[in-house]
Amino acid sequence: MQTEAVPAMIDNEHLPAVVRPTAASERTANVMSLMNKGIETGMTPEAMGQLVALYERVMAKDAEAQFLEAKRAFQAECPVIGKNREADLGQGKASYRYADLEKIVRMIRPLLEKFGFSYDFAQEYDKEVVTVTCFLRHAAGHVEATKFSGPWATNAGMSAIQKSASATTFCQRYALR
């Protein structure tokens, strides 16, 4: 996992808070300094490999810390998302209200961008269940995954592809939450 240093000519005040240099990046610079010193003094490849492994661990910890801080700030600003759709389960059966995926995305997109997040989905289908994994990625490089599974082979009055798409969208909504 690699991150890029912020060029000195960029004013940090205009960067999103989540990608501004932090005290954590000073730890990364310290490890880089040790690596440079090792190169200058002819450090053995094994010792240099240990420093590279240390550098990667420090980078991963820094990225995770930035992710968690950005997630905390995102959650503090994220509004409650109201329900805008109703699912009618048929005559004599209960119905329920929900927020559709488009509304959820429309409501959170500005905050995702503000705090350096992006997301994407992966789907897995077996005979009767769809599993959706939502990957929440941060500009610093850390990624967290959330899975949600649900049946797609129901008795609903839909074609097989409609059932699959409906179950996939349902799982995406819950995995993104």
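Residues numbered from 1 in each chain as written. Predicted model: local features only at pLDDT ≥ 70, side-chain atom pairs only at ≥ 80, totals over all residues. Heavy atoms only, no water.

J.: Explain the overall build of the protein here, please?
T.: When helices and strands are tallied, the protein shows 4 helices and 5 strands. Within the protein, the proportion of its 177 residues that are buried is 28%. Look at the contacts in the protein between residues 6 or more apart in sequence, and 45% of them connect residues 24 or more apart. Summed over all atoms, the accessible surface of the protein reaches about 11800 Å², with 54% contributed by carbon and sulfur. (Helix = DSSP H or I, 4+ residues; strand = E, 2+ residues; numbered from the N terminus. Buried < 20%, exposed > 50% of the residue type's maximum accessible area, 1.4 Å probe, protein only. Contact = heavy atoms within 4.5 Å. Areas by Shrake-Rupley, 256 points an atom, 1.4 Å probe, with all protein chains shown as cover.)

J.: Would you take a moment to explain the packing of aromatic side chains for this structure?
T.: Each aromatic ring pair is characterised by the separation of its centres together with the angle its planes make. Inspection of every chain in the model, using the stated rule, returns 7 aromatic pairs. Judged by centre distance (5.4 Å) and plane angle (85 degrees), the ring pair of Phe67 and Phe117 falls under edge-to-face. Residue Phe67 is found in helix H2 (residues 45-77), and its partner Phe117 is found in strand S3 (residues 117-125); the two are separated by 50 residues along the sequence. Note on accessibility: Phe67 and Phe117 belong to one class, buried. With a centroid separation of 5.5 Å and 65 degrees between ring planes, the pair formed by Tyr119 and Phe121 is classed as edge-to-face. (Phe/Tyr/Trp six-rings, centres within 6.5 Å; stacked < 30°, edge-to-face > 60°.)

J.: Please explain the side chain of Thr131 as it appears in this structure.
T.: Secondary-structure assignment places Thr131 in strand S4 (residues 129-138). Judged by relative accessible area, which is 15%, Thr131 ranks as buried. Only 2.7 Å separates the side chain of Thr131 from the side chain of Ser149, close enough to count as a polar contact. If sequence neighbours within four positions are ignored, Thr131 has contacts with Ala122, Gln123, Glu124, Lys147, Phe148 and Ser149. (Polar contact = N/O pair within 3.5 Å; in protein donor to acceptor, adjacent residues only side chain to side chain.)

J.: How should the environment of Phe67 be read in this particular structure?
T.: Overall, the relative accessible area of 0% leaves Phe67 in the buried class. In sequence terms Phe67 and His142 are 75 residues apart; their C-alpha atoms lie 6.3 Å from each other. Dropping the residues within four chain positions of it, Phe67 is found in contact with Phe117, Leu136, His138, His142 and Glu144.

J.: Can you help me understand the sheet that holds S3 in this one?
T.: Sheets are built from strands that pair by backbone hydrogen bonding, the pairs being arranged parallel or antiparallel. In space, the 3 strands of this open sheet follow the order S3-S4-S5, with antiparallel pairing throughout. Edge positions in the sheet fall to S3 and strand S5 (143-151), since each has one partner strand and no second. Geometrically, the sheet is characterised by an average inter-axis angle of 20 degrees between neighbouring strands, direction not taken into account. When S3 meets S4, the two strands line up antiparallel, connected through 9 bridges. (Pairing = 2+ DSSP bridges. Axes fitted to C-alpha atoms, helices over the stretch in contact; angles between N-to-C directions.)

J.: Where do I start with the pairing of S4 in this structure?
T.: On a regular strand, each side chain points to the face opposite its neighbour's, so the side chains alternate between the two faces of the sheet. If you look at the hairpin formed by S3 and S4, you'll find 3 residues sitting between the two strands. Examined bridge by bridge, S4 and S5 share 9 bridges and lie antiparallel to one another. Bridging from a neighbouring strand, Val130 pairs with Gly150 of S5. With antiparallel pairing between neighbouring strands as the criterion, S4 and S5 make up a hairpin whose turn holds 4 residues, including Gly141 at a positive phi of roughly 115 degrees.

J.: Which parts of the structure should I look at to understand the pattern of salt bridges?
T.: A side chain of one charge can pair with a side chain of the opposite charge when the charged atoms of the two come close. Within the structure shown, the criterion is met by 6 salt bridges. For Arg72, the salt bridge goes to Glu69, with nearest N and O atoms at 2.5 Å. Of this pair, Arg72 and Glu69 both sit in helix H2, 3 residues apart, roughly one helical turn. (Salt bridge = Lys/Arg side-chain N within 4 Å of Asp/Glu carboxyl O.)

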